Amino acid sequence: MSHTLLLIGCGNMGFAMLRGWLREDPSLIVHVVEPTDELRERAAKAGANTVSDIADLPEGLAPVLVFVAVKPNLVQPVLQRCGGFVERGATFVSVAAGVTTASMADVLPAGAAIIRCMPNTPAAVGDGMLVLYARDGVSDGAQHLVSTLLATSGVVAWIDDEAQMDAVTAISGSGPAYVFHFIEALTEAGVALGLPAATAALLAKQTVRGAGRLAMEADVDPATLRRQVTSPGGTTAAALDVFMNDDRTGRLVAEATRAARDRSIALGKPN
């Protein structure tokens, strides 16, 4: 028997999840609530049943999971209209940054099963990092189903302490932007050294892509990989002397991620 899912919000992240689910299991029944015509039409073409408002959903709809993929400031107003799904046994999964499970529980009926997810943008190409936390009361079956569904968008990991989500946000949630910035910088450096812009961009992007894949697939840690490519007195050593002098890169990354973590904490506090 196929599962019935409800997805509220079908922007970039919502659509990435939807496309992965239906690609993996076309028998899934997915209802999408999305007010924007263009995004709603895109979801319909992917195979979802679509409506523009929660009130337009089929009467008595009983999804096993309700995914909330709207902007953080819209989560509570949306949940205030979803109490009936709790009574029908649904588990809620939020992918909104900074929205705690406690704040969700405040507006849902007592006993609501709630999961919080921090995805990142590579989920759009099926290679994301998705970190989840389950509030007390979420069944093992619901956790397994969520893991299976989200695995279509990348790698799934669970944490036991929701407070760690602020650190997760700083590392994997915001992390792709750090990598994109490094690609930008490496490309600009290549142009400054005389390479055509298109060539410099290709070299930078493919180098980061290949290095990331090697780091994931190698049976040694990144520090060992770094040492393996660094010949004493060679070109890589000359560059790393700049990056690693006085732990320059390490201190910069630590400072940047602390700033992201602290901002995540601030955004999660009630107004």
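Keep in mind the model is a prediction, meaning the values are calculated, not measured.

Peer 1: Can you walk me through the side chain of T152 in this structure?
Peer 2: By the secondary structure assignment, T152 is in the loop between α6 (140-150) and β8 (154-158). Judged by relative accessible area, which is 13%, T152 ranks as buried. From its side chain, T152 meets the backbone oxygen of L149 in a polar contact 2.6 Å long. When sequence neighbours within four positions are dropped, the list of residues in contact with T152 reads M17, G20, W21, R23, E24 and G126.

Peer 1: I'm lost on the nonpolar core in this one. Help?
Peer 2: In summary, soluble globular proteins display a tendency toward joint burial of nonpolar side chains. Ranked by internal contacts, the top residues of the largest apolar core, which has 30 residues, are L7, L18, W21, F67 and L150. Elements with a minimum of two residues in this core: β1 (4-8), α1 (12-24), β2 (29-33), β4 (65-68), β6 (113-118), β7 (128-134) and α6. In this structure W21 touches L5, L7, L28, V30, F67, L149, L150 and T152, once residues within four positions along its chain are discounted. Formed by 24 residues, the second largest nonpolar core is a distinct cluster that contains V51, V75, F92 and A112.

Peer 1: It is not clear to me how the packing of α1 against helix α2 (residues 37-46) should be interpreted in this structure. Could you clarify?
Peer 2: Direction vectors running N to C along α1 and α2 enclose 10 degrees, while the axes themselves pass 10 Å from each other. Between α1 and α2, the crossing angle belongs to the class labelled roughly parallel. In contact with N12, F15, L18 and L22 of α1, α2 contributes R42, A43 and A46. Across the contact of α1 with α2, the residue classes break down as 5 nonpolar, 1 polar and 1 charged.

What counts and what doesn't
- Residues numbered from 1 in each chain as written.
- Predicted model: local features only at pLDDT ≥ 70, side-chain atom pairs only at ≥ 80, totals over all residues.
- Heavy atoms only, no water.
- Helix = DSSP H or I, 4+ residues; strand = E, 2+ residues; numbered from the N terminus.
- Buried < 20%, exposed > 50% of the residue type's maximum accessible area, 1.4 Å probe, protein only.
- Polar contact = N/O pair within 3.5 Å; in protein donor to acceptor, adjacent residues only side chain to side chain.
- Contact = heavy atoms within 4.5 Å.
- Core = buried A, V, L, I, M, F, W, Y, C linked by side-chain atoms within 4.5 Å.
- Axes fitted to C-alpha atoms, helices over the stretch in contact; angles between N-to-C directions.
- Parallel < 35°, antiparallel > 145°, perpendicular 65-115°, else oblique.
- Nonpolar A, V, L, I, M, F, W, Y, C, P; charged D, E, K, R; others polar.

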